[in-house]
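# Structural description and commentary
Here's the letter readout for the chains.
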Amino acid sequence: MIRIESLHIQEFRGIRNLKMTLGQKPFSICGPNGSGKSGVIDAIEFALTGKVSRLSGQGTKELSVSEHGPHVDMVKFPDVAQVSLNLFLPQLNKSATITRMVSAAKKPKITPNDPDIVALLSEVEEHPEITLARRDILRFILVEPTKRSEEIQAILNLEEIGQTRSALKTASNKAVREAKQAAAQVSSARDALQRQLGLSSFTVADVLAAVNSKRKILELPALEELKKDTKIDDGVKGAENTATFNKAAALQSVQALSKTLDALDGATREHIEAILTEISKLEADVQLLQAFQRRSLVEQGLELIDGPECPLCDHTWPDELHLVQHLKGKIDKSKDAEAIQKKIQDAASALSVHLVPLLDVLREIVKIAKAENLSELEESFLGWGKNLSELSRKLESVDQVLPLKERFQNDWSEQPNDIESKLRDLRVHLEGKPDPSAKIEAQTVLTSGQVRLDDYRKAQRNNETIKQAQSLATKAYDLYCEIMEKELEALYNDVQADFSSYYSQINADDEGAFTAKLAPSEGRLDFNVNFYGRGLFPPGAYHSEGHQDGMGVCLYLALMKRLLGANFTLALLDDVVMSVDAGHRREFCELLKTQFPNTQFVIATHDKLWAEQMKTTKLVTSKTSLMFRSWSVETGPVVESNLEIWNEVERDIEQGRIETAAHSLRRHLEFVSSQLAQGLGARPVFRADGAYDLGNLLPPVLGRMKELLGKAAAAAQSWGNQEAKSTASERKQLLSRANSAKGDEEWLMNKAVHFNEWANLERADFEPVVAAFKQLFEALQCDACHSWLYASPAGKPEALRCQCGKLNLSLNEKMK
Amino acid sequence: MPNLQKKISEQFLDALRKDNGFREDQIEQIDQILTSGKKPKPDEFWQIFCAPSEDDAL
């Protein structure tokens, strides 16, 4: 994807103005807590994604990049807060610059504005996981399996796969409910047709016999078969104008409604009780009820998500993924509520199926009442029908079932008053009607029968369609799950193998045969690791905090390798191995170097030892590392190993800023002296408070260097190595000359060393001081790689060396 | 993981094509849902499964 050539941070977070050259190489930033190193990581993340992880997630609701991205003194001037990165894009073999301002975080300026560069940087924007902080490690290691599954699925961007599976599953569940409804509609339509034709059983022969008996009365040809398009009223004159009233069918409809009502209570009691039981559970537990209510709301919110704005409260999240995870977290907390929701949904759906035949027969009764001008009856049954239709609609949504508790506790079907007497009166009314002539009756049976037959055929077609759709929905869901599980299993196997390999490499001394097992199952990702051959256990069971940190980073690296493959070219690691001990950190450097040679790691750490280890293992060099000594709100991070220090000091002097130049020089010299004292093994007078200044450090450093160069010259003499002897002697002379030059300015230097009075000097007085120190410190570094000379190994040194190896003087004399 | 999503989607569509139950127009619509970059909705799938064939002159 990308590598960083250089960066420029202005008024962003705790940084005022900072330029860094990374040279597309791994880079370390070391400094004590609060020195601003994480601000660099934040700035890079912001430039690439427009977001800052530490300002998002749990507990950061009040924080935002727009308000808290600018330096605290520049909050009212967000236009000046910006980060600029010069990048190399290996995939395109192109360079580009991206500049992002806090005031326009969503609109970075990209130069050149080539479509392929813009597209690639847009892709990078979708990968916030290039930043790993220690808090992220806990997301993988010390979490419950369901949460881990979500976190790892999120880092692998598996969200979309899960969404597709979930949508197919919901469609499949819907198919089951729809199929039950469709089957009920067929049954109901068949009953209506039977009533119309006066049939007690329903076979093709029965239907043909009933139809042909009527057709014979009308002197119409008999139908020999009943096909899909057969019209039983074919040939009936004026069929469309024939009265639809069929006395016998009407009486049967009245009887059907009576029977349905008699059976209704028994058929639905089980479902009503199930609904009431679940509602009682909710009412007995306020928290459960709240979880239930939130669940429904949150589920609706999840459905409506389309971007980083929450559809429920309008809060803007860093991105859509954060929002989805937040809402899913809420849903996960209400598993018991989910079980209740499912039971209510199933019971309501079953109840709804029983309403289908009731509503169908009610429609027939309303038609009869209307045809007979029984307006009061018509109005009563029409109103009831509407009531039941509305109830049926409400039963589709669990939310709308809860308020129906009182209705379910009483007469939930809300039958009209005196329904039995009304039906009895209707029956009497119908029985009192004169029997129609045989011809009229035959006409009515055939024309009304045709209408019922059409309804039946329609219901059947719908049922077939639904059955077919249900089959497809189930098949599609099963196929998707099968393919997804196969691919995820392969993915997790790869991740598991890489993770085990990386962790073994770091812990080769004591856990070289380490193994791990990632086991995905429905919504979970179990993660167990081998503990010294004693079996597989959760990472937090026996392993130390340091080992867990190591596991977190290894798992992260394994995941990133699978996520980005060859495009894993940049990772920002913010203090991620703070609990790993020194020996294992060295191996970690080797791991990064050997397994990820094409990845530019930008590593922030507060641990000076690890920063040194990164150099000694050649993961970084002195050119690709930076030390922050301190930080203040006014200045931002104070950078110590600044190769440009002499140019900056000269520039400040030229511009008359002696105070600034003096401050920078003093800071630099103190820092370098402390590095040299450590590297050479110099012995300053011990200070319990550790507050060594230049006066404490420089004399023992110079003394130690002279001592080592003297030893090197003697050793070379003993071995007859003239070249080494010359090198040591020349270096010693160079140091003496420089120290002598320093001596010429000693009165001024002492002021600086002991009283820090440089700031009050005039330019003419200060320039010789700068020149003298520059000459002195050049004598303490390699002229090729510019690293500070150091004695190796520490304690009992055998050589005086530089980082690149150009200077490598043995200190061991030949045995006499 | 865009590559994994793509791989699963392609295999899924292949499996649907090999199954006689799914029509070409249904597979095409499912393909559109999977490649739209939008969150798939259950009802979108359901409507596709329920959609009658154009040849079905009911």
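Residues numbered from 1 in each chain as written. Chains lettered and ligands numbered in written order. Predicted model: local features only at pLDDT ≥ 70, side-chain atom pairs only at ≥ 80, totals over all residues.

So, about the overall build of chain A. Check the secondary structure of chain A and you find 27 helices and 17 strands. Considering chain A as a whole, with its 816 residues, one finds that 39% of them fall into the buried category. Sequence-distant contacts, at least 24 apart, represent 66% of the contacts inside chain A between residues at least 6 apart. (Helix = DSSP H or I, 4+ residues; strand = E, 2+ residues; numbered from the N terminus. Buried ≥ 20, exposed ≤ 12 C-beta atoms within 10 Å, placed from the backbone. Contact = placed C-beta atoms within 7 Å.)

A tally of helices and strands in chain B yields three helices and zero strands. What you see in chain B, going N to C, is helices and strands ordered as α-α-α. Counting only residues that meet the buried cut, chain B has 29% of its 58 residues in that class.

Moving on to the interface of chain B and chain A. Between chain B and chain A, the residue contacts involve 24 residues of the former and 27 residues of the latter. Element by element, the count of residues in the side of chain B that touches chain A is highest for helix α1 (residues 2–18) of chain B, at nine residues. For the side of chain B that touches chain A, the class distribution of residues is 17 nonpolar, three polar and four charged. (Nonpolar A, V, L, I, M, F, W, Y, C, P; charged D, E, K, R; others polar.)

Right, let's get into the packing of helix α16 (residues 438–506) of chain A against helix α20 (residues 582–595) of chain A. All names here are of chain A. Interaxial distance between α16 and α20 falls to 8 Å at its minimum, and their mutual angle equals 135°. Between α16 and α20, the crossing angle belongs to the class labelled oblique. Contacts between α16 and α20 involve Y502, Q505 and I506 from the first element and H584, E587, F588, L591 and Q595 from the second. Classifying every residue of the contact of α16 with α20 by side-chain character gives four nonpolar, three polar and one charged. (Axes fitted to C-alpha atoms, helices over the stretch in contact; angles between N-to-C directions. Parallel < 35°, antiparallel > 145°, perpendicular 65-115°, else oblique.)

Another aspect to go through is the pairing of strand β4 (residues 82–89) of chain A. Residue and element names in this part refer to chain A. The sheet contact formed by strand β1 (residues 3–12) and β4 spans seven bridges and is antiparallel. Within β4, the residue paired with I9 across the bridge is V83. Here eight bridges tie β4 to strand β5 (residues 94–101), and the two strands are oriented antiparallel to one another. In the strand pairing of β5, F88 is matched with S95. Turn length for the β4-β5 hairpin, with the two strands adjacent in sequence and antiparallel, is four residues, and the turn residue N93 shows positive phi of about 55°. (Pairing = 2+ DSSP bridges.)

On to the environment of A:A712. Residues and elements named next belong to chain A. Inspection of the secondary structure assignment puts A712 in helix α24 (residues 694–719). A residue is classified by how many C-beta atoms lie within 10 Å of it, and A712, with 26 of them, is buried. Along the backbone, A712 and E813 are 101 residues apart, and their C-alpha atoms lie at a distance of 8.3 Å. The residues contacting A712, other than those within four sequence positions of it, are A724, A728, L800, L809, S810 and L811.

Right, let's talk about the nonpolar core for a bit. Counting 173 residues, the largest nonpolar core has A:A43, A:I44, A:A473, A:C554, A:L559, A:A712 and B:F49 as the members making the most contacts within it. Ranked by the residues each element gives to this core, the list is headed by α16(A), at 22 residues. (Core = buried A, V, L, I, M, F, W, Y, C linked by C-beta atoms within 7 Å.)

All names here are of chain A. Take E396: it is sitting in the loop between α12 (375–394) and α13 (398–401). Under the C-beta neighbour-count criterion, E396 is labelled partly exposed, with 15 such atoms within 10 Å. Separated by 48 residues in the primary sequence, E396 and A348 have C-alpha atoms spaced 7.2 Å apart.

On to the sheet that holds strand β6 (residues 109–111) of chain A, then. All names here are of chain A. An order of β2-β1-β4-β5-β6 is seen for the five strands of this open sheet, with the pairing classed as antiparallel. Bordering the open sheet on either side are β2 (15–21) and β6, each of which pairs with just one other strand. Shown here is a sheet whose adjacent strand axes are inclined to one another by a mean of 10°, direction ignored. Taken strand by strand, helix α1 (residues 37–49) contacts β1, β2, β4 and β5, and its axis lies near 105° from that of β1.

Attention now moves to α1(A). Residue and element names in this part refer to chain A. Helix length check: α1, at 13 residues, gives a terminal C-alpha distance of 19 Å against a target of 18 Å (1.5 Å per residue), a fit within 8%. Buried residues dominate α1, accounting for 13 of its 13 residues. Positive phi shows up at G50, right after α1, with a value of about 80°. (Expected span 1.5 Å × (residues − 1).)

Further remarks concern the sheet that holds strand β17 (residues 808–810) of chain A. Residue and element names in this part refer to chain A. Strand order across the open sheet formed by three strands is β15-β16-β17, with antiparallel pairing between neighbours. The open sheet has two edge strands, β15 (790–792) and β17, and neither has a second partner. Mean inter-strand twist for the sheet, computed between neighbouring axes without regard to direction, equals 25°. Relative to the sheet, α24 contacts β15, β16 (799–801) and β17, its axis offset from that of β17 by approximately 70°.

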